[in-house]
Each structure stands twice: as C-alpha cells, then as structure tokens.
Amino acid sequence: MRSRITYLQHDVSQFNPSQIRVRKDSIELSKLDAAKEHRMTFAFSELPRELWLALKQCHELHVRWVSMTPVQGVGPYVSRMSPGLHVFFSPLSEGTADRLCPLIKKVFGDGMDCVSPQESFISPPILSERFSASSSLQYYHVTPSLKDLVAYLKEKICPRSDEKCIRDAASLLDAKYLDMDYDAISHSLTVTAFWDRACPNSPWTETHLRRESSETIEIGVLNAEKASEPEEQSLGGFLAVLGQDDEPKPTLFSFPSRHHALPSSPIKYRAHFSQPTGLHPTLHLTFSSPPVPPSPITSPDAEPMSHSCALHAYLTLPSQIFLDRYQLSDPLFLSSRNLRSLRSLSGETDLEAPDWVVSRWGSAALIELASPADSRLDHGENKHRQNEWTASIPLHLRYLSPRNVSAASNGGRGSVGEWLAGWKNGANANNTVTTPFPWPPVFWACAADSGDKFAVNPFDRTNLGYDGLFGRQTVFYHIEPEALDGGSFMGLVNIPVMDTEWARWVELGTVWAIALGTVWVCWVIGKVVFQNRNRKQMKGDKKHR
Amino acid sequence: MSFTTIIDAIFASPKAVFGSAIALRAVLLVYGLLQDAYSPVKYTDIDYFVFTDAARFVYQGRSPYLRDTYRYTPLLAWILIPTAWDGWFSFGKVLFALADLLAGYLMVVILSTTYRMPQARALKFASIWLLNPMVATISTRGSSEGLLGVVVTALLYAILQRNVVLAGLLLGFGVHFKIYPFIYTLPFLLWLRSPDGTRRKAKGGSKASLKDQLLRFLNRDCTTLAIFSFVSFMSCNVLMFYIYGFPFLKHSFLHHLTRIDHRHNFSPYNTLLHLNASPAKSTSFHLESLAFVPQILLSAVAIPFALTANDLASTMLAQTFAFVTFNKVCTSQYFLWYINFLPFYLPSSSLLKQTRLGVVAGILWILGQAIWLQQGFQLEFMGQSTFVPGLWMATLVFFFINIWILGIMIRDIGTQSNAQSSPDKKER
C-alpha cells in the first residue's frame, strides 16, 4: 500500500517547521491549520475478496462522493461536483458486471435503487470526437453521508484490534469528498479523501506510522505560491518519505492544472427555487455580480478570455425531476432566462413517464449559461456590475406513486436538516413528498493551449461528469457557491402525491358514477325508443283505419 | 342601422361571413407570428413543434417517430413536409385554418341542401364553427384537430349525398388518422339501409325472416361503404407499416392501448387510472380495463340504433359527445371533436328553444371545467396535492354535467322527426 498525505496550509505565515517532526518510521504533525488530502493506492492483492471480484468486472470505475456542505476550495483542490454519490463506470468488453450494484449498496447504503449497470445507469454522450476519457455509464444517488461506508470499513475491513484503522475510518465522516479510482490497466485501486480543514475546528495534530516495510508513506506540508504561468499552479513547502528522509525536505514546484478557482474574483452564486415550486420548479442561479470570463492569472489587466470561455452549469437530476429538451431549444426562451443552450442531456428524459416506470436513477444535463459579456447591451455593463445576475432553468416533476401520506406525522420539511432527520420515510402531512435536489456546480470552461500536460499534475482530478463532455484541452474555472440552508448545498422540492387513504373511495365512487351515468343515459334512450315506437304505431293504426 | 340589422346583414351575405372567418384566422396567424417572434411564451401549440420536427425528419428521409411524443400517422408529417422548407414554418397552420374554412363551407352546404335552410340561417349556424374563436385559435395555434374536423364534416356530406365510395374512403382514412371515427360506422350502415336514407316503412317487417332482414341490412350501399372504408383504412396502414415498420403500429395504435394517462385531465377515470397504474394499487383487478364497455355500448351501438332514423348529423353529435364524456382521457382539444356537429343539432334543440335551459347548460359546462381548472392550477403551480378529493370530485361533477347535457341531446334528437325526409317541419 502506498499513501500520500498532503496538507495544504491555509495561512503559511503561522507556520513553523518545528511543527513537523520526522522520526525513523513515523512523522508527527502538530497544530497544522490546513486542508488535507489522503490518497491511498492498493494493489489487487491487498484488497478484500468481494472488492476485487467486483473490480475485476470493470474496465474503469470511478466513484465520487461529495459532501452536502460546500467545499472551501484551496490550491489544486478547487474542482466541484453536486453533492451525493456519483459512480462512473465502463464495463469490460465481455461479461456482465453483476457484482457492482450489490457492492455499491453494501458499501454506501442499502437504500439505493441500483439493480444493475444495464438497468440503473445512464449513458452520457460523447461530445468531443477527438477524445473521451469519460466512462461510458453513470450512476447517482443522493447519499447524504458516508456513515454506511464507515460502518462497512469498521466491521468488514479493519482488523478488530486495529484502533488506528477504526479511527481513520471514522475520520471519513468529516471528509468533504471521497474519490475511488480503478482501471483494468493499472490494476490498482486509488482512494482519495479530502478535508478542507481539520474538524471540529481545531488544527491537525497527527502521527503517521509506517507499520510494514512494504508500506510507502509520503507526507507533504505545502502552501500555494503564486504561479508564473496561466493555467499553472505552484506549491511550496516540505516533503518527507517515511523511512527514507530524516527531516522534511523543502520543495517548490509548478504544474499545469485543469481546475482553477476564479482568479481574483469575489463572485459567488446562489442556487434556489422560486416558490411555490408546483409541478414545474424553476431553478435560479443567482450570481452576486454579473459573471465575467476569467482573465489570465498572471496579468489581471489583460483582456478577458471571453472568446474561448463559456459559463456552464452541470445538473444532476434525480428521476423525479426532469428537463424538457424541446423547451430549451427556442433561442428567445433561452435568452429570456439568461441561458444559451442545452449542451448535453442524457438519461431519463421521457416527458410523459411517471416516476414509477422510470428504472434508471435520473438524468444529467450540461447547460451553457448566458453572461453579460455576450449580451449586446455593452453600454449597460457598468450598471450590470452592481446588480445580481440570474439564470433560470425550467424543470418539471414526474408524478410519484400514490402513497399513504396521512400517516406521516411531521409537516412539510423546510430545511435539509429536517429532511435528513426523516429522509427514510420521506412523506409529509400535507400530501407531499420531499425530494432532495443537489445544486449544480457552475464554472467557466475555457479552451487551453494543450491538453495532454494536465496529466502531469499530481493532484489532477478527472471523471467528474462534466469534464468528459468537453475536449481534453479544457480548463475549468470554478465559481464558489454561497452556503445555503444551514451550510448545505442541497435543495428540497416538495412533490404533491395522491393519498392512498382515498383509494377505496376513488374506486367505489368512480365505478358508481360511471354506472349511474350509463344507466341514466340508457334509460333516456329507452324512453325515446319506446315513445317513437308508440308514435309510429299510432300513425300506423291511423293509416290502417 | 341598429345592431341587430347589422348582424342580420352580415349573415345574409356568404362573403361577409367567410370574409370574417378568413380575417379572424389571418389576424390570429399574424398575431401568433408576432408573439412567437417577440415573446418567450409561444402562441404556437407544443404539438405543432412535434409535427414540424417530425415533418423535418420525413423531409430528410427519416422516420417521424424519431421525434419523442409523435403519436400520429406519418401521413400527417407527410402533409406538413413543406414546413421543413425555409420560411414555410407556418404552412401547417395555414393548412389547418383552410381546413377549418372548408369544413365551415361544407356545413353551409349541408344545412342548405339536406336541411333546406335559408342561406342566412345556414350561415348563422355554420358560424358556430366558422366564427368560433376557440376553433380558430386551436387551428391557428397548429393543432391538427382542425384537419380532423374537415374530414369528419366531409364524411357527413358524402354520406348525405349518398356518395358512398367517397364516404368509405374518408371513413377509413378518419379511423386511420384518429381511431374514434369508427363509431360512425353503425349509423352510416343504418342510414344507408333504405334508398332515400330513411328507414323503410316496415310493412310486415317484424314477420320477415332473419335472412331477409340481414340481406336488407347488407344492401349494395352498405357493402360498398364497408369495402371502401376497409380498403382505405388498410391501405393506409399497410403502406405506413411497410415504410415505417413497427414504430408506426406502436405509436399510432398500440400506444393507445398501453398508455397510462396518469397526468390529470377531465376524464372521470383519471384518478382511478393514476391510482391503478401505479405500484400503489390495492387490487389486482383492473376495473378501468372495462371502461370501454359503457363507452362503446353507448356511443357506437345504443345511440345510433335509437337515433339514426331521426337525424344522422345530430346522432353523430350525441355519439361523439358520449364517446368523449366516457373516454379514459379527455383534454379540451377533445371538445373540438363534437363542436362541428353543433350547427346541425342546435337549430331544433331545446337548448335554443328554451333559452333558460340553454344558458344553464352552457354555464354548467363551463363551470365544470372552471372548478377542475382551479384545482389543476393549485396542483400544477401551487404544488398543493389536490388529486383527492379535489380533482377527482371535479372530474365527476364535470362528468355528471356532461351526462345531463347528453340526456337533453338524446331526448331532443329522439323526439324530432326525420330531418332529411321532412325538413319543412323544422323550417317555419
């Protein structure tokens, strides 16, 4: 097993090298105010049997779990995704991957509607002809926490006596995201966990121990430096490899990066629904000031890269919620909502299907947003700058299966916390069901000079859903979301449902109404026929006489 | 000149009526173009985008079923191929509007020939269709129901003219296009039983053998109608199936057997369907699968047998009204199916003769929809769960209002003597 533990300090001026103490087989860190990334690489032989049996059925597997609390991006750790569990998967050319779904459910929670890749996963399109590093199948579930994973690790993976293993597993409860990557070529599983700060709000004080000689542990205590090139990032600080180094070695290195924070910009966005949501919720993305394309990092005065940048939102839509691609095809409609185009839509897009006939988890959409830069009203731009800027995405709800909602005790759920408290039963007293909606990440996608260089980045993060929809030569500038709803990056939609308490009444009532109507019409017809016959007979009698 | 004389003057002149009908549609077409060009809220019906997308696929030599939710015969997409040409997008709307006008013209012809109405009176009643803003709006928004209106009115015209070949061809095409016109088969056969379209004076008819009766029933005209409608229906089907294969069958016909129709609509069955189509259904027995029994019994069998001898066009109105009332799905577009028969029924109806009854019926019919719409709005836009009891009750109330109106129609038609053979009774 190889481990790489990176601390990225928030404030380097508070740092003193004595906070790192390297011993022969261990390293001690004290009071580091930093973000932390822990990356572990396992060989096949080091994995439990059920895990590698499932992995052997995959060509590629990328699991991304993201916390509901927005990540505070630092240094190279600025890429964003919707909160929840994302699985990107490419099957082997032959054979079925029947072990994948059972494993995902076992590890991340039983409540998932994962049956098999064929039935539950969607196929994102391949938009860029020149390249696709993206996986062929995609799955998503609104998994609010990693507690099932932690329980699985504690019970199934950690040896009973290994307290450090149990403690490490428990620390995942505070992680902001967790990545797992496997591909059939390298035959190894990489697990990366990220914390944007030590939790609860105390600095990191930790000891890392090398317990076997086969184990490699590399530790870095770094801080972001000013990069000399655009599209690059620089890190400085100290590195140490356990067992090799006696003391931390100073370092300074630069690398090209795929993901960046929006340079020198305080702009944030807020995602919210217009209320009431009804059956056609509108998702608003409100920017604190009109979004402007990023300027190159080195020279903020340079021309904004508007010619090669476009603003996007990537939506992960659970099956209850869907987009109408035809509605998003009219230029007038789009521009009236500050949208430019629906770049990609895949998954469950049937406009007529109710939720209970939809087998896959939902759909994923990439939408290009309009920004003031492409509106021709340039003269008003200064006025724009002080105002908020809102892009509105029209969504629609599927009908949910009727259920017994009267029995649910609690009222409508206003906050995500309340939703979490009762999310298993999901029903409210006012005949609605509360469904979580992961807010979308919003970013500028800009053309880069060359794409292959990004793989050099030791912190490169790919397979995030949206990156596969762009060419390899794309740089992403992420806009930071405003924390909402008690610090959660998840919205809630109340979906009206039919109460089955009424089922008997509806059945009886409808049948009686139809029967009554039919009988009455038949009676009227009968009367008419009878009268006509009488009249005719009378006429006939007259004639006979 | 008083207001009524102006009105009378307009209805005295076909030019004025058709001129207004054309102007009404032209204004709506132009208004629609403007609204579409300058407002994100479109005047054009969503279905029109479905048709034109499908027509574009056909134009490219591909299948119209590549367009989601295209559930019509490919012939519709064929007819609309010009909409795929540059600058011809509105061709279909113009065509639908022209179809409207042609249907209105046929109504005038039928009213003045078969019903022997004076021209002004015929124009007045045809204006129920020609100058109806609902009809003009629906066709200029690009709904294909207007096309069906002309097919069905032409069908009525052909049969009244005893042009049995044309009637057969139109009937077959109508059923291919929208299925429901099959309910007109029985009244046509009944009507064709005697040379002048009236029931033969059955002298000793009750004593005639079954064989004689059957032979009389299957006279030459009936056979012609059966053969030509079958040929036209099947040749459309075979041709479409030959070209587009299974997707044609699936979307044009099988879809109507398997569709769930859970989304709220005016049908009294809607709530039951929503419940029983879902995993929440409590019984394994599907009551709604018997829904066609009262619907077909009344609309295709009982009403034609009881009323055809009295008045064919009004019988078709009652049939269509019953069909829509008892249908498993019902949206406001379905109301257009029977509006084109109103000009033949209303002149002798108690709804016009007893003004108060007519007004009450009209108000109740609109009120029934208003209650439903209010509940629907609460659901769609306010997110209130009004499925039960609100929407369910609203559909039942609307159902009973329709049943009551259907009863009035049947009584009216049943008590009026044969329009075609003795028109002088109706015209004073």
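Since we're looking at a predicted model, the values are computed, not measured.

Engineer: Would you take a moment to explain the state of the cysteines for this structure?
Structural biologist: Enumeration over the complete set of coordinates arrives at three disulfides over all chains. The disulfide bridge from C158(A) ends at C165(A), spanning 1.9 Å between sulfur atoms. Sign of the S-S torsion, about -75 degrees for the bond between C158(A) and C165(A), identifies this disulfide as left-handed. Judged by relative accessible area, C158(A) falls into the buried class, the value being 8%. The connectivity of the disulfide-linked cysteines in chain A, indexed sequentially, is 1-2, 3-4, 5-6. Free of any disulfide, C522(A) has its nearest neighbouring cysteine sulfur in C330(B), separated by 20 Å.

Engineer: Would you mind showing me how to read the sheet that holds strand β5 (residues 58–66) of chain A here?
Structural biologist: Residues and elements named next belong to chain A. Strand order in the open sheet made by the ten strands is β7-β6-β5-β8-β9-β4-β1-β11-β12-β13, with mixed pairing throughout. In this open sheet, the two edge strands, each paired with only one partner strand, are β7 (137–141) and β13 (249–256). Here the strands of the sheet are splayed against their neighbours by 20 degrees on average, with no regard to which way each runs. As defined by bridge partners, β5 adjoins strand β8 (residues 177–183) across seven bridges and the pair is classed as antiparallel. Residue H62 lies in a different strand from β8, and its bridge partner there is D181. Contacting β5, β6 (84–91) and β8, helix α2 (residues 100–108) crosses the sheet at an angle of about 155 degrees to β6.

Engineer: Would you mind showing me how to read the pattern of salt bridges here?
Structural biologist: Where charged atoms from two side chains of opposite charge come close, those side chains can pair. Here the structure, examined in full by the defined rule, presents 26 salt bridges over all chains. Among the salt bridges present, the one from E368(A) reaches R340(A), with a minimum N-O distance of 3.0 Å. Here E368(A) is found in strand β20 (residues 362–369), whereas its partner R340(A) is found in strand β19 (residues 339–347), with 28 residues between them in sequence. The partner of R56(B) in a salt bridge is D53(B), with the nearest N and O atoms 3.2 Å apart. Here D53(B) and R56(B) lie together in helix α3 (residues 46–59), a separation of three residues that amounts to about one turn. The exposure class of R56(B) is partly exposed, given its relative accessible area of 34%. Note on D53(B): relative accessible area 15%, which makes it buried. Counted as one network, the salt bridges with shared partners bring together R4(A), E37(A) and R39(A).

Engineer: In this structure, what is going on with the side chain of S319(A)? I would like to understand it.
Structural biologist: In this fold, S319(A) is placed in the loop between β17 (309–318) and β18 (321–322). Those residues in contact with S319(A) that sit more than four places away from it in its chain are D355(A), V358(A), R360(A), W361(A), G362(A) and R398(A).

Engineer: Looking at this structure, how should I read the interface of chain B and chain A?
Structural biologist: Many analyses report the size of an interface as the accessible area lost when the parts associate. If you look at the interface, chain B gives 60 residues, while chain A gives 56 residues. Surface buried jointly by chain B and chain A totals about 4900 Å² across both partners, of which 70% is contributed by carbon and sulfur atoms. Counting across the chain B and chain A interface gives two salt bridges. The shortest N-O distance in the salt bridge between R71(B) and E352(A) comes to 2.3 Å. Linking chain B with chain A are eleven residue pairs in polar contact (both at pLDDT 80 or more), by the criterion used here. Going through the elements one at a time, α2 (14–38), α14 (270–277), α15 (292–307), α20 (355–380) and α21 (387–415) of chain B are the ones with two or more residues in the side of chain B that touches chain A. For the side of chain B that touches chain A, the element with the highest residue contribution is α21(B), accounting for 15 residues. Of the residues that constitute the side of chain B that touches chain A, the class distribution is 33 nonpolar, 17 polar and ten charged.

Parameters at a glance
- The written sequence of each chain sets the order in which its residues are numbered from 1.
- Chain A is the first chain written and ligand 1 is the first ligand written, with later ones labelled in order.
- Since the coordinates come from a predicted model, pLDDT governs what is reported: local features require at least 70, and pairs of side-chain atoms require 80 or more to be given and counted, while whole-chain, interface and lining totals use all residues.
- Excluded from the side-chain calculation are hydrogens and water; included are all heavy atoms of the structure.
- Cysteine sulfur atoms that come within 2.5 Å of each other are treated as a disulfide pair.
- When a residue's accessible area, from a 1.4 Å probe over protein chains only, is under 20% of the maximum for its type it is buried; when over 50% it is exposed; and in between it is partly exposed.
- By definition, two strands form a pair when at least two bridges between them are found by DSSP.
- Helix and strand definitions follow DSSP, with helices as H or I runs of at least four residues and strands as E runs of at least two, each counted in order from the N terminus.
- Think of each axis as a best-fit line through the C-alpha atoms, taken over the contacting stretch in the case of a helix, with angles from 0 to 180 degrees between the N-to-C directions.
- A contact between two residues is defined here by any heavy atoms of the two lying within 4.5 Å.
- Note on definitions: salt bridges are taken to be side-chain nitrogens of Lys or Arg within 4 Å of carboxyl oxygens of Asp or Glu.
- By definition, the buried area sums, over both parts, the 1.4 Å-probe accessible area that each loses when the two are put together.
- Within 3.5 Å is the distance limit for a polar contact, defined as a pair of N or O atoms, with the added protein rule that one can donate a hydrogen and the other accept it, and that residues adjacent in sequence qualify only through two side-chain atoms.
- Each residue gets one label: Ala, Val, Leu, Ile, Met, Phe, Trp, Tyr, Cys and Pro are nonpolar, Asp, Glu, Lys and Arg are charged, and the others, such as Gly, are polar.

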